[in-house]
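Residues per chain, in single letters:
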Amino acid sequence: MKCYLLSLLLTLSLLLCACTKAAAYADNVPCAELADTATDQIPVNFGYETYGGEHLRYYFEDTELPDDTCLRYSVLSEDINELGIFHAPDETVRAELVRLTEDYLDRLLEEQSAFIAGYAPKELTKLEHAEVRTFGNYVVYAILDDNDRELVFETVEKELKE
(Lines give C-alpha, C1' and ligand atoms only; values in the text may rest on other atoms or scores of the structure.)
Protein backbone atom coordinates (compact mmCIF):
# COMPACT_ATOMS: atom_id res chain seq x y z
CA MET A 1 0.00 0.00 0.00
CA LYS A 2 2.84 2.39 0.85
CA CYS A 3 4.51 1.68 -2.50
CA TYR A 4 1.25 2.39 -4.29
CA LEU A 5 0.84 5.77 -2.53
CA LEU A 6 4.45 6.67 -3.15
CA SER A 7 4.06 5.72 -6.81
CA LEU A 8 0.88 7.77 -7.08
CA LEU A 9 2.52 10.83 -5.47
CA LEU A 10 5.53 10.55 -7.73
CA THR A 11 3.34 10.27 -10.82
CA LEU A 12 1.24 13.27 -9.77
CA SER A 13 4.39 15.30 -9.13
CA LEU A 14 5.75 14.47 -12.56
CA LEU A 15 2.44 15.39 -14.18
CA LEU A 16 2.35 18.68 -12.33
CA CYS A 17 5.90 19.48 -13.44
CA ALA A 18 5.09 18.58 -17.02
CA CYS A 19 2.04 20.82 -17.01
CA THR A 20 3.81 23.79 -15.49
CA LYS A 21 4.10 26.47 -18.12
CA ALA A 22 7.56 27.86 -18.89
CA ALA A 23 8.15 31.47 -17.93
CA ALA A 24 6.36 33.83 -20.27
CA TYR A 25 8.09 37.06 -21.20
CA ALA A 26 6.74 40.28 -22.63
CA ASP A 27 7.68 40.89 -26.25
CA ASN A 28 7.06 44.61 -26.61
CA VAL A 29 9.33 46.44 -24.15
CA PRO A 30 11.76 48.81 -25.87
CA CYS A 31 15.40 47.80 -25.38
CA ALA A 32 16.34 51.35 -24.32
CA GLU A 33 13.73 51.20 -21.55
CA LEU A 34 15.17 47.90 -20.30
CA ALA A 35 18.70 49.32 -20.47
CA ASP A 36 17.61 52.41 -18.51
CA THR A 37 16.12 50.26 -15.77
CA ALA A 38 19.18 47.97 -15.70
CA THR A 39 21.78 50.76 -15.59
CA ASP A 40 19.82 52.51 -12.83
CA GLN A 41 20.63 49.43 -10.71
CA ILE A 42 24.39 49.67 -11.36
CA PRO A 43 25.35 53.36 -11.32
CA VAL A 44 28.89 54.42 -12.25
CA ASN A 45 30.71 57.74 -12.07
CA PHE A 46 29.81 59.89 -15.09
CA GLY A 47 27.02 57.48 -16.09
CA TYR A 48 26.48 55.41 -19.22
CA GLU A 49 26.38 56.28 -22.90
CA THR A 50 24.70 54.41 -25.73
CA TYR A 51 26.81 53.05 -28.56
CA GLY A 52 25.88 54.34 -31.98
CA GLY A 53 25.21 52.31 -35.10
CA GLU A 54 28.89 52.27 -36.07
CA HIS A 55 29.69 50.03 -33.09
CA LEU A 56 26.95 47.63 -34.10
CA ARG A 57 28.11 47.58 -37.73
CA TYR A 58 31.76 47.06 -36.76
CA TYR A 59 31.33 44.35 -34.14
CA PHE A 60 28.19 42.54 -35.23
CA GLU A 61 28.02 40.84 -38.61
CA ASP A 62 24.40 41.48 -39.41
CA THR A 63 22.78 44.55 -37.90
CA GLU A 64 19.54 43.76 -39.72
CA LEU A 65 18.74 40.83 -37.41
CA PRO A 66 17.36 42.56 -34.32
CA ASP A 67 14.33 44.78 -34.61
CA ASP A 68 15.43 46.78 -31.55
CA THR A 69 18.80 47.26 -29.88
CA CYS A 70 20.40 49.18 -27.03
CA LEU A 71 24.10 48.87 -26.15
CA ARG A 72 25.41 50.86 -23.17
CA TYR A 73 28.90 51.43 -21.80
CA SER A 74 30.42 53.26 -18.85
CA VAL A 75 31.71 56.71 -19.76
CA LEU A 76 34.50 56.35 -17.18
CA SER A 77 37.43 54.89 -19.10
CA GLU A 78 38.75 52.98 -16.08
CA ASP A 79 35.47 51.07 -15.88
CA ILE A 80 34.65 48.61 -18.67
CA ASN A 81 31.00 48.11 -17.66
CA GLU A 82 28.93 47.32 -20.71
CA LEU A 83 25.58 45.76 -21.41
CA GLY A 84 23.60 45.15 -24.52
CA ILE A 85 20.00 44.24 -25.18
CA PHE A 86 18.67 42.98 -28.50
CA HIS A 87 15.12 42.10 -29.41
CA ALA A 88 14.69 39.35 -31.98
CA PRO A 89 11.53 39.07 -34.05
CA ASP A 90 11.54 35.26 -33.71
CA GLU A 91 13.37 32.24 -32.27
CA THR A 92 15.61 31.71 -35.30
CA VAL A 93 16.90 35.27 -35.19
CA ARG A 94 17.26 35.02 -31.41
CA ALA A 95 19.56 31.99 -31.77
CA GLU A 96 21.66 33.85 -34.36
CA LEU A 97 21.86 36.92 -32.11
CA VAL A 98 23.10 34.74 -29.25
CA ARG A 99 25.83 33.40 -31.52
CA LEU A 100 26.81 36.88 -32.72
CA THR A 101 26.86 38.20 -29.17
CA GLU A 102 29.02 35.34 -27.91
CA ASP A 103 31.37 35.96 -30.86
CA TYR A 104 31.48 39.66 -29.92
CA LEU A 105 32.45 38.86 -26.34
CA ASP A 106 35.11 36.39 -27.51
CA ARG A 107 36.49 38.99 -29.93
CA LEU A 108 36.63 41.66 -27.22
CA LEU A 109 38.44 39.28 -24.90
CA GLU A 110 40.94 38.40 -27.61
CA GLU A 111 41.52 41.96 -28.83
CA GLN A 112 41.25 43.97 -25.61
CA SER A 113 42.70 41.78 -22.84
CA ALA A 114 46.27 43.08 -23.09
CA PHE A 115 45.09 46.69 -23.33
CA ILE A 116 42.73 46.39 -20.34
CA ALA A 117 45.37 44.53 -18.31
CA GLY A 118 47.73 47.47 -18.94
CA TYR A 119 45.47 50.29 -17.77
CA ALA A 120 42.79 48.69 -15.56
CA PRO A 121 43.85 45.14 -14.64
CA LYS A 122 41.10 44.74 -12.02
CA GLU A 123 38.52 45.24 -14.78
CA LEU A 124 39.72 42.30 -16.85
CA THR A 125 37.70 39.75 -14.83
CA LYS A 126 34.51 41.51 -15.98
CA LEU A 127 35.36 40.70 -19.57
CA GLU A 128 36.52 37.19 -18.73
CA HIS A 129 33.19 36.48 -17.01
CA ALA A 130 30.96 38.30 -19.50
CA GLU A 131 27.74 36.44 -20.13
CA VAL A 132 24.82 36.21 -22.54
CA ARG A 133 21.29 35.25 -21.47
CA THR A 134 17.93 35.16 -23.19
CA PHE A 135 14.54 36.17 -21.88
CA GLY A 136 11.94 35.25 -24.45
CA ASN A 137 13.02 37.03 -27.64
CA TYR A 138 15.42 39.34 -25.80
CA VAL A 139 19.15 38.62 -25.90
CA VAL A 140 21.08 40.35 -23.12
CA TYR A 141 24.82 40.46 -22.55
CA ALA A 142 26.68 41.94 -19.61
CA ILE A 143 30.32 42.82 -19.06
CA LEU A 144 30.11 43.53 -15.34
CA ASP A 145 31.37 42.21 -12.05
CA ASP A 146 29.57 39.11 -10.77
CA ASN A 147 27.11 40.90 -8.47
CA ASP A 148 26.20 43.62 -10.94
CA ARG A 149 25.82 41.09 -13.77
CA GLU A 150 23.36 39.03 -11.72
CA LEU A 151 21.50 42.18 -10.70
CA VAL A 152 21.15 43.28 -14.34
CA PHE A 153 19.86 39.88 -15.44
CA GLU A 154 17.41 39.76 -12.52
CA THR A 155 16.22 43.28 -13.31
CA VAL A 156 15.66 42.55 -17.00
CA GLU A 157 13.87 39.30 -16.19
CA LYS A 158 11.63 41.03 -13.66
CA GLU A 159 10.75 43.74 -16.20
CA LEU A 160 9.89 41.18 -18.88
CA LYS A 161 8.20 38.42 -16.89
CA GLU A 162 4.46 38.33 -17.45
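One can find the structure itself at the top, above this paragraph.
Every value quoted in this text rests on a predicted model; they were computed, and no experiment measured them.

Engineer: What is the right way to look at helix H2 (residues 31–41) in this model?
Structural biologist: Helical geometry: 3.6 residues make up each α-helical turn, so side chains three or four residues apart lie on a common side. When H2 is considered as a whole, its buried residues turn out to be Cys-31, Leu-34, Ala-35, Ala-38 and Thr-39. Along H2, the residues classed as buried sweep out an arc of 125 degrees about the axis, all on the same side. Where H2 is buried, its residues meet strand S1 (48–50), strand S2 (68–74), strand S3 (82–87), strand S5 (138–143) and helix H6 (146–160).

Engineer: Help me understand the pattern of salt bridges, please; the structure alone is not making it clear to me.
Structural biologist: Pairing between side chains of opposite charge can happen when the charged atoms of each approach one another. Scanning the entire structure with this criterion turns up 10 salt bridges. Residues Lys-126 and Glu-123 are paired through a salt bridge, measuring 2.8 Å at the closest nitrogen-oxygen approach. Both residues of the pair, Lys-126 and Glu-123, count as buried. Overlapping salt bridges, with partners in common, bring together Glu-131, Arg-133, Asp-146, Arg-149 and Glu-150 in one network.

Engineer: Sorry if this is basic, but what is going on with the side chain of Lys-126 here?
Structural biologist: Position of Lys-126 among the secondary structure elements: in helix H5 (residues 124–128). What Lys-126 contacts, discounting residues up to four positions off in sequence, is Asp-79, Ile-80, Asn-81, Ile-143, Leu-144 and Asp-145.

Engineer: How should unusual backbone geometry be read in this particular structure?
Structural biologist: Peptide bonds are, in most cases, trans, and in most cases residues other than glycine have a negative phi. Although it is not a glycine, Phe-46 sits at a positive phi angle of roughly 70 degrees. Examined against the element boundaries, Phe-46 turns out to sit in the loop between H2 and S1.

Calculation notes
Residues numbered from 1 in each chain as written. Predicted model: local features only at pLDDT ≥ 70, side-chain atom pairs only at ≥ 80, totals over all residues. Heavy atoms only, no water. Buried < 20%, exposed > 50% of the residue type's maximum accessible area, 1.4 Å probe, protein only. Helix = DSSP H or I, 4+ residues; strand = E, 2+ residues; numbered from the N terminus. Arc of directions from axis to C-beta. Contact = heavy atoms within 4.5 Å. Salt bridge = Lys/Arg side-chain N within 4 Å of Asp/Glu carboxyl O.

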